[in-house]
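Summary of structural features
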Amino acid sequence: LDYIARICGDTPFVDPVAIRACVAKAEMEEWDLVTDVPYPRRDYVSVEAVPILTLERLHRVARLPIEREHVTQYAYRRSPLFRIADIGADPARTHVTGATIIDIEADLARAEQLLAEGKITW
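What this report covers is the structure whose coordinates are included nearby.

1. Digging into the overall build of the protein chain
- If you tally the helices and strands in the protein chain, you get six helices and four strands.
- Listing every helix and strand of the protein chain by position from the N terminus yields β-α-β-β-α-α-α-β-α-α.
- Put simply, the protein chain has 122 residues, and 34% of those count as buried.
- Of the contacts formed within the protein chain by residues at least 6 apart in sequence, a portion of 63% connects residues at least 24 apart.
- Surface accessibility of the protein chain: about 7100 Å² in total, with carbon and sulfur atoms responsible for 56%.

This is how it looks when you write it as structure tokens:
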């Protein structure tokens, strides 16, 4: 296993095209982390491709509880030390993914509405 695709559990509508694109970019080029959200914008995370070597490095250096819970936070907070790339995802598709973070019951109702309206199709 050389890479993982990291997807947050509260974002169930991650675009499979973005997952494949992040992993492909990570495999073809030497990045420490690849995301589909335009970097450095970090108001939500959709998908990240992370090499196992980066995960091992983060495990060694991250100490704050937030950095241990959200395993790539350390890399973003210390971005000069990490090679981070984004895939230039379609903003309309990324916006829908970011708008469907499900943390509370009202979020779930909104996601169900978007699905019923056909605004989420993947």
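2. A few points about the nonpolar core
- In terms of nonpolar packing, the biggest core is built from nine residues, these being Leu 33, Val 50, Leu 58, Ala 62, Tyr 74, Ala 75, Tyr 76, Phe 82 and Ile 84.
- Take this core: its biggest share by element is three residues, from helix α4 (residues 73-77).
- Counting residues in each nonpolar core, the second largest holds eight residues, with Ala 18, Cys 22, Val 34 and Val 47 among its members.

3. Quick notes on the environment of Arg 68
- Relative to the helices and strands, Arg 68 is located in helix α3 (residues 65-69).
- The class for Arg 68 is partly exposed, based on a relative accessible area of 36%.
- For Arg 68 and Leu 58, which are 10 residues apart along the polypeptide, the C-alpha to C-alpha distance reads 8.6 Å.
- The contacts of Arg 68, once residues within four sequence positions are left out, are Leu 58, His 59, Ala 62 and Arg 63.
- Separated by 2.8 Å, the side chain of Arg 68 and the backbone oxygen of His 59 make a polar contact.

4. A few points about the packing of aromatic side chains
- According to the stated counting rule, one finds one aromatic pair in the structure shown.
- Summarising the aromatic geometry, the rings of Tyr 74 and Phe 82 are spaced 6.0 Å apart at their centres and angled 85 degrees between planes, so their arrangement reads as edge-to-face.
- Of the residues examined, Tyr 74 reaches a relative accessible area of 12% and is grouped as buried.
- We classify Phe 82 as buried; its relative accessible area is 6%.

5. Some points on the side chain of Asp 32
- Residue position: Asp 32 is located in the loop between α1 (16-28) and β2 (33-35).
- Owing to a relative accessible area of 9%, Asp 32 belongs among the buried residues under this scheme.
- Residues contacting Asp 32, with those up to four places away along its chain left out, are Val 50, Pro 51, Thr 54, Arg 57, Leu 81, Phe 82 and Arg 83.

6. Some details on the side chain of Glu 67
- Relative to the assigned elements, Glu 67 resides in helix α3.
- At 2.8 Å, the side chain of Glu 67 forms a polar contact with the side chain of Arg 78.
- Other than its neighbours up to four places away in sequence, Glu 67 contacts Ala 62, Gln 73, Tyr 74, Arg 77 and Arg 78.

About the criteria used
Residues numbered from 1 in each chain as written. Predicted model: local features only at pLDDT ≥ 70, side-chain atom pairs only at ≥ 80, totals over all residues. Heavy atoms only, no water. Helix = DSSP H or I, 4+ residues; strand = E, 2+ residues; numbered from the N terminus. Buried < 20%, exposed > 50% of the residue type's maximum accessible area, 1.4 Å probe, protein only. Contact = heavy atoms within 4.5 Å. Areas by Shrake-Rupley, 256 points an atom, 1.4 Å probe, with all protein chains shown as cover. Core = buried A, V, L, I, M, F, W, Y, C linked by side-chain atoms within 4.5 Å. Polar contact = N/O pair within 3.5 Å; in protein donor to acceptor, adjacent residues only side chain to side chain. Phe/Tyr/Trp six-rings, centres within 6.5 Å; stacked < 30°, edge-to-face > 60°.

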